[in-house]
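Descriptive structure summary
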Amino acid sequence: MNKIVKTSIFVLLICLSSCTNPNAQTEKNIKMYTNTWDGIINKRQIELINADNFSPEIIMHSSPENIVGLENFKAYYQNFLTGFSNIEFTMVDVFGQGDKIVKHWNFKGTHSGDFFGIPATGKSVNIDGTTLVKMKDGKIAEEQDFMDNMAFMQQLGLVSDPGNVAVVDGMYQSFAKGDVPSVVAAMDANIVWNEAEGNAYADGNPYKGPDAVVKGVFGRIGA
């Protein structure tokens, strides 16, 4: 009888402990998660993508298709370590509920190596993003990143800034109105202009300076 009472008290104490800290597992998950990703990215410990930290069926929700399995997941993130130097990966904020975690992060680095087949550009990137995470049995089971891919490509110099497109479009609109001064104002003093090969105005390539462009290209078109 005495043993039964002691056992009951022990079980009750465990229950009370759990009730006073219902988020204990969530806090444990967050600590494990932040330490793991700090090691992978900042310390370049790609080997931390293993069965101890990640579910063997880890899923990275992506487009056009998901990345599934440890080896594919590791190969995906190896591109970041191969492609960038001077990496600073900061978890701006991390919070969770139950088996779910939300991470707000910032990634900085210099594109100094091959990145998913893109040769080094030498450009620096500074990009923010958010990751939705699902844990399972204390391991990372699912992830989905959200970031401005267009801004990322622009920082790498692979996509023109929309503002540049607006400047060029405005210049052509000014020319259509016959507003040559505005056309010239949109050009850098050291502008170098090349017409497409095969174009009749390509005979003067390269046109250097606003005057040369106006006389050799726009002036001839107007005439």
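Scroll up to find the structure.
The paragraphs below set out a description of the structure included in this document. (Residues numbered from 1 in each chain as written. Predicted model: local features only at pLDDT ≥ 70, side-chain atom pairs only at ≥ 80, totals over all residues. Heavy atoms only, no water.)

**Points about unusual backbone geometry**
- Residues asparagine 205 and proline 206 are joined by a peptide bond in cis, for which omega reads -10°.
- For proline 206, the position within the fold is in the loop between β7 (192-193) and β8 (207-208).
- The backbone of asparagine 86 shows a phi angle near 55°, a positive value even though the residue is not glycine.
- Classification of asparagine 86 by relative accessible area gives exposed; the value is 57%. (Helix = DSSP H or I, 4+ residues; strand = E, 2+ residues; numbered from the N terminus. Buried < 20%, exposed > 50% of the residue type's maximum accessible area, 1.4 Å probe, protein only.)

**Digging into the sheet that holds strand β2 (residues 67-68)**
- One open sheet accounts for six strands, arranged β2-β1-β6-β5-β4-β3; its pairing is mixed. Bordering the open sheet on either side are β2 and β3 (84-97), each of which pairs with just one other strand.
- The pairing of strand β5 (residues 124-136) with strand β6 (residues 139-147) spans eight bridges and is antiparallel. The residue bridging valine 133 from the neighbouring strand is glutamate 143, located in β6.
- Helix α2 (residues 24-42) contacts β1 (54-61), β3, β4 (100-111), β5 and β6 of the sheet and is inclined by roughly 170° relative to β3.
- Against the sheet, helix α3 (residues 70-83) contacts β1, β2, β3, β4 and β6, and its axis sits at roughly 60° relative to β1. (Pairing = 2+ DSSP bridges. Contact = heavy atoms within 4.5 Å. Axes fitted to C-alpha atoms, helices over the stretch in contact; angles between N-to-C directions.)

**Side note on the side chain of asparagine 53**
- Within the secondary structure layout, asparagine 53 lies in the loop between α2 and β1.
- Here asparagine 53 is in contact with Met32, Thr36, Leu48, Lys139 and Ile140, once residues within four sequence places are set aside.

**Re the packing of aromatic side chains**
- A complete count under the given rule lists 22 aromatic pairs for this structure.
- On the numbers, 5.3 Å between centres and 50° between planes, the contact of phenylalanine 54 with phenylalanine 73 is tilted. Residue phenylalanine 54 is located in strand β1, and its partner phenylalanine 73 is located in helix α3; the two are separated by 19 residues in the primary sequence. As far as burial versus exposure is concerned, phenylalanine 54 and phenylalanine 73 are alike and both buried.
- Where phenylalanine 80 meets phenylalanine 115, the ring centres are 5.1 Å apart and the plane angle is 70°; that geometry is what we call edge-to-face. Here phenylalanine 80 is found in helix α3, whereas its partner phenylalanine 115 is found in the loop between β4 and β5, with 35 residues between them in sequence. The two residues phenylalanine 80 and phenylalanine 115 agree in class, both being buried. (Phe/Tyr/Trp six-rings, centres within 6.5 Å; stacked < 30°, edge-to-face > 60°.)

**Here's the deal with the pairing of β3**
- Inspection of the sheet shows β3 paired to β4 by 11 bridges, in the antiparallel sense. Looking across to β4, one finds that glutamate 88 is bridged to lysine 108.
- Remark: two residues form the turn of the hairpin made by β3 and β4, two consecutive strands paired antiparallel; glycine 98 in that turn has positive phi of roughly 65°.

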